[in-house]
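# Coordinate inspection notes
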Amino acid sequence: MTTLDIMLPYYGDVALMQTAVRSVIAQTDRDWRLVVVDDGKEPGVPEWFAELGDPRVSYQRNEKNLGVVGNYQKCLGLVEAEHFVMMGTDDVMLPNYVATVRAALTEHPGTAIVQPGVEVIDSDGKPSNTLVDEAKRRIYAPRIQGRRLLGGEALAANLLRGNWLYFPALCWRTDAVRKWGFREGLEIIQDLALIIDLIQDGEQLLVDETLSFQYRRHAVSISSAKAFSGYRFEESAQYFADVADRLDAHGWPRAAKAARTHLSSRIHALTLLPGALRTGQRDGARALLRHAAASGRRP
């Protein structure tokens, strides 16, 4: 009986998606089901899946584009197992991923979220060491050896100060996620919002340091208008203000303060400022500066 559903909401690069699918098929623990929900129209994709010949892999293409959140919601509705992964289509499962997650859940049954060990790779699949990921490891992530359960206000405050988790690598308990679902209107910060909902609801995060997943981080192109426009931080600023009020009402003042300060998000905005100035995006530069200086203020 399948005990882990791997959901793959797909849109974009065909070759990277195929690499992701092959990494699932190569799992040493074969007790899984892969469901690919195609939100695009790339030619040849349905035919490629038809030729795979693996009954554990199912594929469907949306009649119309649902967008990021819409496809997440559809994938969540298709989950049948007690636990699932919402994998990124450009990421890679190392062969021990399913075995690692299953062993962790056997030791700590009922855990809502499992974060296994992650290696960051670049667009070419080579190990990468970006400033963002160094900050996650050295500044925000707690020091953990082996496996460790985390939860409560301390974890909420920690993640709101700097989110060190890797969303596509997480394994989720299905009923816990379905209680909250994926929020409309959130894309950039969707993962953090869901995690904070679960923590506030009394759920726990299990961290297992065993390396079993590769997260692909693509370089920000200097020619990308959106990269330096500041648009992504408007959503973040509104979320941090709203969740701070909610956490205050919940009796978690330290977590509320971390949300209002949202330190790592403000630092990230500052790191994008030189790119906005180099590309002449004055409005973007102003938006980035506003976010960087907005500690404790509503947008």
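In short, a report on the structure. Here the structure is a predicted model, which is why all the values come from computation and not from measurement.

Reading the values: the criteria
Residues numbered from 1 in each chain as written. Predicted model: local features only at pLDDT ≥ 70, side-chain atom pairs only at ≥ 80, totals over all residues. Heavy atoms only, no water. Salt bridge = Lys/Arg side-chain N within 4 Å of Asp/Glu carboxyl O. Helix = DSSP H or I, 4+ residues; strand = E, 2+ residues; numbered from the N terminus. Axes fitted to C-alpha atoms, helices over the stretch in contact; angles between N-to-C directions. Parallel < 35°, antiparallel > 145°, perpendicular 65-115°, else oblique. Contact = heavy atoms within 4.5 Å. Nonpolar A, V, L, I, M, F, W, Y, C, P; charged D, E, K, R; others polar. Buried < 20%, exposed > 50% of the residue type's maximum accessible area, 1.4 Å probe, protein only. Pairing = 2+ DSSP bridges.

### Examining the pattern of salt bridges
On inspection of all chains with the given rule, the structure shows 19 salt bridges. Across the pair Arg-102 and Asp-29 runs a salt bridge, and its minimum N-O distance is 2.7 Å. Here Arg-102 is found in helix α4 (residues 97-107), whereas its partner Asp-29 is found in the loop between α1 (14-25) and β2 (33-38), with 73 residues between them in sequence. Across the pair Arg-183 and Asp-197 runs a salt bridge whose closest N-O atoms are separated by 2.7 Å.

### What about the packing of helix α9 (residues 231-250) against helix α10 (residues 253-261)?
Contact geometry for α9 and α10: axes closest at 8 Å, N-to-C directions at 170°. Viewed along their axes, α9 and α10 adopt a mutual orientation that is roughly antiparallel. Where α9 approaches α10, its residues Phe-240, Val-243, Ala-244, Asp-245, Leu-247 and Asp-248 are matched on the opposing element by Pro-253, Ala-255, Ala-256, Ala-259 and Arg-260. Considering only residue class, the contact of α9 with α10 consists of eight nonpolar, no polar and three charged.

### Here's the deal with the pairing of strand β6 (residues 113-121)
Where burial is concerned, most of β6 is hidden: seven out of the nine residues are buried. Pairing between β6 and strand β8 (residues 171-173): two bridges, direction antiparallel. Of the residues in β8, the one forming a bridge with Val-114 is Cys-171. Sheet topology places β6 next to strand β9 (residues 204-216); eight bridges connect them, and they run parallel. Bridge pairing links Ile-113 to Leu-205 in β9.

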